[in-house]
Amino acid sequence: MQLREICTSPSVTCGRDTSALELAQLMRDRHVGDVVVVEQHDGGATPVGIVTDRDLVIEVMARGVSPELLCAGDLIGDGIVTVLESETVYDAIWQMRSKAIRRLPVVDTQGRLLGILTADDVTRFIAEELTELARVAPRQIKHEMATREPVAH
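Residues numbered from 1 in each chain as written. Predicted model: local features only at pLDDT ≥ 70, side-chain atom pairs only at ≥ 80, totals over all residues. Heavy atoms only, no water.

Caption draft 1: Structural detail: the pattern of salt bridges. Taken as a whole and assessed by the stated rule, the structure comprises eight salt bridges. As a salt-bridge pair, Asp-120 and Arg-102 come within 3.9 Å of each other at their nearest N and O atoms. Here the residue Asp-120 occupies a position in helix H5 (residues 119-134), and Arg-102 occupies one in the loop between helix H4 (89-99) and strand E5 (103-107), the gap between them amounting to 18 residues. The partly exposed category is assigned to Asp-120, whose relative accessible area is 47%. We note a salt bridge from Arg-135 to Glu-132, for which the minimum N-O separation is 2.6 Å. Of the residues examined, Glu-132 reaches a relative accessible area of 40% and is grouped as partly exposed. (Salt bridge = Lys/Arg side-chain N within 4 Å of Asp/Glu carboxyl O. Helix = DSSP H or I, 4+ residues; strand = E, 2+ residues; numbered from the N terminus. Buried < 20%, exposed > 50% of the residue type's maximum accessible area, 1.4 Å probe, protein only.)

Structure (structure tokens):
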């Protein structure tokens, strides 16, 4: 399955100048644990970073910094890992595991943001696939009973 089919879209976004306080309010109001920081390019939003609720706790709250003094640009790193919409869940799992991250912005071939894929999204997808696989055996038995005559003794 391609990532465009299971990612959360649209994702919650902001610009680099959004304050940490505004980020926390966005997360609360939209019931999310992350906000994708974007820049506008060629008619679309390009992800440049992600700020998570954990970032706010570790970088703002635990340090006693006023949330009005820091902005999203201060909280993101130098690079961001993204995945293409056409990649598979297994590609995303590899990226998450190898980079030790739980969230991946999903982009098109021009790098424009389409959505966000979280570890929870991946877990939900795999659970649904396993549920479908578990339904095979009972269906197989019913099919055999309906289509095959018993062997006469």
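Caption draft 2: Geometry of H5. The terminal C-alpha atoms of H5, which comprises 16 residues, lie 22 Å apart, in line with the 22 Å expected from a rise of 1.5 Å per residue. For H5, the set of buried residues is Ala-119, Asp-121, Val-122 and Phe-125. The buried residues of H5 occupy an angular sector of 160° when the element is viewed end-on, so they sit on one face. Exposed residues lying more than 90 degrees from the buried face of H5 are Thr-123, Leu-130 and Ala-134. Structurally, H5 contributes buried residues whose contacts are with H4 and strand E6 (113-118). (Expected span 1.5 Å × (residues − 1). Arc of directions from axis to C-beta. Contact = heavy atoms within 4.5 Å.)

Caption draft 3: Highlighting the nonpolar core. Counting 15 residues, the largest nonpolar core has Leu-23, Val-37, Val-51, Leu-56 and Leu-75 as the members making the most contacts within it. Taken together, the elements giving at least two residues each to this core come down to helix H1 (20-30), strand E2 (34-41), strand E3 (44-52), helix H2 (53-61) and helix H3 (72-75). In terms of residue count, H1 provides more of this core than any other element does, three residues in total. The residues touching Val-37, leaving out its near neighbours within four places in the chain, are Cys-14, Gly-15, Arg-16, Thr-46, Pro-47, Val-48, Gly-49, Ile-50, Val-51, Ala-72 and Ile-76. (Core = buried A, V, L, I, M, F, W, Y, C linked by side-chain atoms within 4.5 Å.)

Caption draft 4: Looking closely at the layout of surface pockets. Considering only enclosed or pocket space, the largest pocket measures out at about 450 Å³ in volume. What lines the largest pocket is a set of 19 residues, and nearest its centre among them are Ile-50, Thr-52, Asp-55, Ile-101 and Arg-103. The set of elements that each furnish at least two residues to the lining of the largest pocket consists of E3, H2 and E5. By residue class, the composition of the lining of the largest pocket is 10 nonpolar, four polar and five charged. Considered as a void within the structure, the second largest pocket measures approximately 270 Å³ in volume. (1 Å grid on protein atoms, 1.4 Å probe; cavity = no way out; pocket = protein on both sides within 12 Å on 5 of 7 lines; lining within 4 Å. Points joined across faces, edges and corners; volume = space filled by probe spheres on them. Nonpolar A, V, L, I, M, F, W, Y, C, P; charged D, E, K, R; others polar.)

Caption draft 5: Layout of the packing of H4 against H5. Across the interface, H4 lies against H5 with an axial gap of 11 Å and an inter-helix angle of 140°. As judged from the angle between their axes, H4 and H5 are oblique. Along this stretch, H4 crosses H5, giving a crossing that reads as left-handed. The segment H4 lies against H5, with Val-89, Ile-93 and Met-96 engaging Ala-119, Val-122, Phe-125 and Ile-126. (Axes fitted to C-alpha atoms, helices over the stretch in contact; angles between N-to-C directions. Parallel < 35°, antiparallel > 145°, perpendicular 65-115°, else oblique. Left-handed = near helix turned anticlockwise from the far one by under 90°.)

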